[in-house]
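Summary of the model geometry
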Amino acid sequence: QGEANDIVIYYVGAYGPSDNDYKVFIQAVYPGSPAAKAGLTRGATITKIGNEVIGDNFDVDQNAINQLLNDPFSIRIEGKKVDGTAYAVSLAKTTYNSSPIYKDTILTEGGKNIGYLAYARFSDNDNSLEPLNNVFQKFATQGVQDLVIDLRYNGGGYVETAEHLANLIVPTGTTGTM
């Protein structure tokens with residue numbers, strides 16, 4: 001419902017040519033979380049969890065990676081941000097308000113404005129309606145003609161919120177909306 005109590009790096013992925021040569025990437029960070037406040041974003045790498053260097057033995061590293069994802073009270077991680085700068089942060093479980101919107105932006109391609117919305121969850125109306133309305137108002141003001149809705153990390157939620165999103169997408173003047 002937008003009230004969280006965690007560190008939250010929501011999801012990570014391990015990629016590389018083998019179990020003995022891979023990188024761990026952060027794939028999602030909730031806005032407002034301790035991880036977000038520490039400047040961690042999608043695409044940053046993790047090279048160390050606690051005292052364990054990771055990336056050269058997946059069978060051993062799995063325990064540290066799982067510890068990171070299993071909502072620890074606190075954890076220290078190191079790695080590189082998307083811009084290549086090194087980071088070393090200690091994250092502690094904290095209560096915070098979390099927006100259901102990971103990212104919104106407007107891209108211009110071929111003279112057209114394309115709205116992009118990464119939507120984390122169909123949380124209740126109190127948490128979702130205002131942020132969604134604000135994003136779509138921005139899209140309308142900027143003349144967005146096409147839309148990309150990124151739901152890849154969205155685990156579902158309230159049907160009424162999904163209906164609201166569908167109604168925002170439908171062109172003005174359409175009848176028979178939800």
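Now for a look at the structure at hand. The residue count restarts for each chain, going from 1 along the sequence in the order it is written. It should be noted that, the model being predicted, local features are given only for residues of pLDDT at least 70 and side-chain atom pairs only at 80 or more, the latter also being counted only at that level, while totals for whole chains, interfaces and linings use all residues. Side-chain metrics rest on all non-hydrogen atoms present in the structure, leaving aside hydrogens and water.

Details of the environment of Asn125
The following threshold applies: A run of DSSP states H or I qualifies as a helix once it reaches four residues; a run of E qualifies as a strand once it reaches two. Both are numbered from the N-terminal end. Partly exposed residues are those whose accessible area sits between 20% and 50% of the maximum for their type, while under 20% is buried and over 50% is exposed, using a 1.4 Å probe and protein chains only. Any pair of residues with heavy atoms lying within 4.5 Å of one another is described as a contacting pair. Any N or O atom pair separated by 3.5 Å or less is treated as a polar contact, with the protein-specific requirement of one donor-capable and one acceptor-capable atom, and with residues adjacent in sequence counted only for side-chain atom pairs.
Position of Asn125 among the secondary structure elements: in helix H3 (residues 125-141). By relative accessible area, which is 27% here, Asn125 ends up partly exposed. Along the backbone, Asn125 and Tyr158 are 33 residues apart, and their C-alpha atoms lie at a distance of 8.4 Å. Apart from the residues within four sequence positions on either side, Asn125 is in contact with Glu160 and Thr161. At 3.4 Å, the side chain of Asn125 forms a polar contact with the side chain of Glu160.

Description of the pairing of strand S7 (residues 86-92)
Spelled out, the test is: Paired strands, as defined in this entry, are two strands with at least two bridges between them according to DSSP.
Alternating positions in S7 separate cleanly, Tyr87, Val89 and Leu91 being buried on one face and Ala86, Ala88, Ser90 and Ala92 remaining unburied on the opposite face. Sheet topology places strand S6 (residues 74-80) next to S7; seven bridges connect them, and they run antiparallel. By the bridge assignment for S7, Ser74 is matched with Ala92. Taking the residues between adjacent antiparallel strands as the criterion, S6 and S7 are bridged by five residues, where Gly84 takes a positive phi near 95 degrees.

Focus on the packing of aromatic side chains
Our working rule: Ring geometry is summarised as follows: Phe, Tyr and Trp rings, the Trp one being its six-membered ring, pair when their centres sit within 6.5 Å, and such pairs are stacked at plane angles under 30 degrees, edge-to-face over 60 and tilted between the two.
Under the defined criterion, the tally for this structure stands at six aromatic pairs. Ring centres 5.5 Å apart and planes at 80 degrees place the aromatic pair Tyr22 and Phe58 in the edge-to-face group. You can see Tyr22 sitting in strand S3 (residues 21-29) and its partner Phe58 sitting in helix H2 (residues 58-69), a full 36 residues away along the chain. For Tyr22, a relative accessible area of 7% corresponds to the buried category. What makes Phe58 partly exposed here is its relative accessible area of 22%. Measuring from ring centre to ring centre gives 5.7 Å for Tyr30 and Tyr102, while their planes differ by 20 degrees; the resulting arrangement is stacked. Of this pair, Tyr30 sits in the loop between S3 and helix H1 (34-37) while Tyr102 sits in strand S9 (residues 101-109), placing them 72 residues apart in sequence. For the pair Tyr30 and Tyr102, a shared accessibility class is recorded, and that class is buried. Through successive ring pairs, a cluster of aromatic residues spans Tyr30, Tyr102 and Tyr153.

Some words on the nonpolar core
Counted only if it meets this: For the purposes of this section, nonpolar cores are sets of buried Ala, Val, Leu, Ile, Met, Phe, Trp, Tyr and Cys residues that join through side-chain atoms within 4.5 Å.
Counting 20 residues, the largest nonpolar core has Ile9, Leu40, Ile46, Ile49 and Ile77 as its most contacted members. Elements supplying a minimum of two residues to this core: strand S2 (9-18), S3, strand S4 (45-49), H2, S6 and S7. Top contributing element to this core by residue count: S3, with four residues. Ignoring any residue separated from it by four or fewer positions in sequence, one finds Ile77 in contact with Ile9, Leu40, Ile46, Lys48, Ile49, Leu68, Tyr87, Ala88, Val89 and Leu91. One finds Ile101, Leu117, Tyr119 and Phe122 within the second-largest nonpolar core, a separate group that totals nine residues.

Let's talk about the packing of H3 against helix H4 (residues 159-169)
Under the convention used in this document: The convention used is that axes are lines fitted to C-alpha atoms, helices contributing only their stretch in contact, and that angles between N-to-C directions extend from 0 to 180 degrees. Should an angle fall under 35 degrees it is taken as roughly parallel, and over 145 as roughly antiparallel, whereas 65 to 115 is taken as roughly perpendicular and any remaining angle as oblique. Gly is put with the polar residues, along with every residue not named as nonpolar or charged; the nonpolar set is Ala, Val, Leu, Ile, Met, Phe, Trp, Tyr, Cys and Pro, and the charged set is Asp, Glu, Lys and Arg.
Between H3 and H4, whose axes approach to 10 Å, the crossing angle comes to 10 degrees. When the axis of H3 is compared with that of H4, the two are roughly parallel. Between H3 and H4, the residues in contact are Asn125, Ser128, Leu129, Leu132, Asn133 and Phe136 and Glu160, Thr161, His164, Leu165, Leu168 and Ile169, respectively. Looking at the contact of H3 with H4 residue by residue, the classes come out as six nonpolar, five polar and one charged.

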